[in-house]
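Here's the letter readout for the chains.
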Amino acid sequence: MKLSSSWARFAILIASLSTFAASATARTIVLTDQDCEQMAAISADAPRMSWAGYPYGAAQFTNHEFVLTGKQAFLIRFPLDRIPAGQRITKAEWIVQHLSVYPAGGTRLQVRRLLKEWGPGVSHQYRMVRPERVEWHTPGARGLGQDRATEATATATIKGAGEQVFNVTEDVELWHKRAVPNHGWILTVEEPDIYVRLPSPFYNAPKGWKLRITFEPE
Amino acid sequence: MNPCAAMPSTNVVSWRTFTEPKRLAAGYGLCLLVWAVSPAWAQREVRIRTLVETQLPFVTTCVAPAARFASVSDVAGVLAVGHRPGSAAHVSIFRLDDQGQMAAGEPVALTLPKPASLNDRPNHVLGLVCHPRFPLLYVWQDVAPPAQPDVTIDPALSAEFDHLLIYGLDETPPKLLLATARGADFHCGAVSAGFAFDSVAGRLYVPNMQQPGPMKKPVPAIGWIRIAPDGLPAFDDPSPQPNAAAGAVTTLVASAPGSLAVVMAPQDAVASRAARLAAMDVSKASGIVPVLSKYLESPTLMFGDWPCPFSYAPVSDDAVLMAGHAGPVSWVLSDRLGRFGAFYLSPYVPYRHRIGAHPRLPAAYLTFVTFDGRILRMELADGYITLAPQTVSLDNTVIYSPPLVLTKTNQVVVGAAGFVGFVELDEQGRFQAKGQRMTVNNPTVEAFAWSERFGKLYVPLEKTP
């Protein structure tokens, strides 16, 4: 009896060590909008507002959800300080929920890295208004190679309601290695007469904006 | 083979100790906890499990049952407390001594006037505020709404009901100097409201205004009454009256809006008020009704019904934050395009948001009254809400008051069930995960007032401890 108890203890210990050993080799974390301070819904229709998510009558906007058209964009920067140093990113996926799409046949969503720092007061016109007022190179962060990356990180054609998983491994690896600074992404639709509704992290989808990252020791 | 056999069994910390199942589980849990919390995450959510009970020397209490509003006049040395509907008095006036302590004697009770036509409908305070430079108290009042929904008070009955009452605090009892804000421009029968001065007391933001909508039916409006440099409201030039006494009206007319915030010396202001009140009496006797100088707008998709708004938090000459039905709403006057921005918050708890602006930093704070213990900090830029708010959650707490920033102690204070809570801020006005509480004899602390002159926070109690 005593022998079996000792073996049981040994088995528990081995199982515990194995768990940590496994997590030391590869780990997956999920960051959500709750981890992000830097977010904005910018619009050419309200070029100074940070949260012009949804046009709601004359000169009135709400953030109860976000609309993407050719005039709007969503900006987000996930902080990556939860990834320990000395890790290699093996997979990173940005999970974007969508509520509806027009035209119903499908719409192309595009993710690009932002190239410049942005912050308080970010809007269609400004990258930030503090500590100094700085405009985007092109309003709406549309300057290719200036405000946002020339090449799209990922694109996807979406339909109806659901969630789209963008492969953003390369961006996250670049940021984690500090090869380029992490200024986050801009989510846009590029074609005219397109309409995508996205849920708001503050209202109907708290923690609904997710970045899933898997990494392992180098 | 027993793997434990090779281990020295006499050590205090033995192999057996490590492998004892309960300790192993505890150690495993501890490791998981350390693993989970060790990185320095952005503190968008701060939780305070326990506020430390502390006797704070700058807190002064007074017995003022059923207090819903409070304001201090530093210049007059007065604490004014507005009471909930159904109280014996509408407003209590407490005199303060030179050290800011409650002066001896009972407070003066004010009963707010109303016309006989509304005798069957009790009136109540919706807000009160003291002028920052003159000994003046501004009270906004309303009457109880009809019991049935979608029924309005007959405008004929409320035509002579004055919502705005201005009292002179340099006399005891305070003298009613002016009663105004009556008629079709103001909705009657609201139970809540925002009421606030801007930083230079040039605008008095008032609640529950209205104007004719597209279908001629009144629609809610938000805005302010212009306050002249002497502290009384400014009045617009009414349309020319052929029989009006010459000169009577022009003495009432305020100068251009931009000059209203001009600071007037106290003795000049006294003379100006006396002259303007006398002129007003003359013009009334001549049949001319002074027209309050006010500014209002009707963003009816955001403020589609009364009461509106639930809070005003002016942040600059160009911008004011308000509490809408689903969260804060920014109003930036210089922006024709993004004039109003509603920041919806989850969960949807309509009409429970109350806002207070930081007096020095571009930030504002929001509470969910009678709901939970959360306080939000919103970053502002050019009057707009920007970036994502930070939240502090006070465990086992229900907040009853708007938030108030104490710049002297760098804290946000809120009223709760039986205590006043203080949350520490950093130099950016962000929440830190620590705070204090001070137990007071008040089951629902809805109101308190800060005095810059005395450096004291006045908290009304239900009764003496």
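You'll find the structure just up there.
Given the structure is predicted, the values throughout are model-derived calculations rather than measurements. (Residues numbered from 1 in each chain as written. Chains lettered and ligands numbered in written order. Predicted model: local features only at pLDDT ≥ 70, side-chain atom pairs only at ≥ 80, totals over all residues.)

K.L.:
Tell me what's going on with unusual backbone geometry, and back it up with residues and numbers.
P.N.:
A cis amide bond links Tyr-102 of chain A to the next residue, Pro-103 of chain A, at an omega of 0°. Note that Pro-103 of chain A resides in the loop between strand 8 (100-102) and strand 9 (107-113). With omega at -20°, the peptide bond leading from Cys-308 of chain B into Pro-309 of chain B counts as cis. Following the sequence through the fold, Pro-309 of chain B ends up in the loop between strand 17 (294-297) and strand 18 (312-314). For Ala-141 of chain A, which is not glycine, the phi dihedral falls at a positive 55°. Note that Ala-141 of chain A resides in the loop between strand 11 (134-135) and strand 12 (154-158). On the neighbour-count criterion, Ala-141 of chain A (26 C-beta atoms within 10 Å) is buried. Of note in the backbone geometry, Arg-178 of chain A takes a positive phi value of approximately 60° without being a glycine. The topology assignment puts Arg-178 of chain A in the loop between helix 2 (169-176) and strand 14 (185-189). (Helix = DSSP H or I, 4+ residues; strand = E, 2+ residues; numbered from the N terminus. Buried ≥ 20, exposed ≤ 12 C-beta atoms within 10 Å, placed from the backbone.)

K.L.:
Which residues make up helix 4 (residues 266-285) of chain B, and what values do they have?
P.N.:
Residues and elements named next belong to chain B. Helix length check: helix 4, at 20 residues, gives a terminal C-alpha distance of 29 Å against a target of 28 Å (1.5 Å per residue), a fit within 8%. Close packing links the buried residues of helix 4 with strand 11 (175-180). Gly-287 sits one or two positions beyond helix 4 and adopts a positive phi of about 90°. (Expected span 1.5 Å × (residues − 1). Contact = placed C-beta atoms within 7 Å.)

K.L.:
Break down the sheet that holds strand 6 (residues 91-95) of chain B for me, citing the residues and quoting the values.
P.N.:
Within a beta sheet, neighbouring strands are joined by backbone hydrogen bonds and run either parallel or antiparallel to one another. Residue and element names in this part refer to chain B. The strand order 4-5-6-7 describes an open sheet built from 4 strands, whose pairing is antiparallel. Every other strand in the sheet has two partners, leaving strand 4 (67-73) and strand 7 (108-110) as the edge strands with one partner each. Averaged over all neighbouring strand pairs, the angle between strand axes comes to 20°, with direction disregarded. Pairing of strand 5 (residues 78-83) with strand 6, which is carried by 5 bridges, proceeds in the antiparallel orientation. Bridge assignment links Leu-79 to a residue of strand 6, and that residue is Phe-94. (Pairing = 2+ DSSP bridges. Axes fitted to C-alpha atoms, helices over the stretch in contact; angles between N-to-C directions.)

K.L.:
Any chance you could break down the nonpolar core for me, citing the residues and the numbers?
P.N.:
In terms of nonpolar packing, the biggest core is built from 174 residues, with Leu-75 of chain A together with Ala-70, Leu-79, Ala-80, Val-206, Ala-364 and Phe-448 of chain B touching the most fellow members. Every residue in contact with Leu-75 of chain A, bar those within four places of it in the chain, is listed here: Met-39, Ala-40, Ile-42, Leu-114, Trp-118, Val-122, Gly-184 and Ile-186 of chain A. (Core = buried A, V, L, I, M, F, W, Y, C linked by C-beta atoms within 7 Å.)

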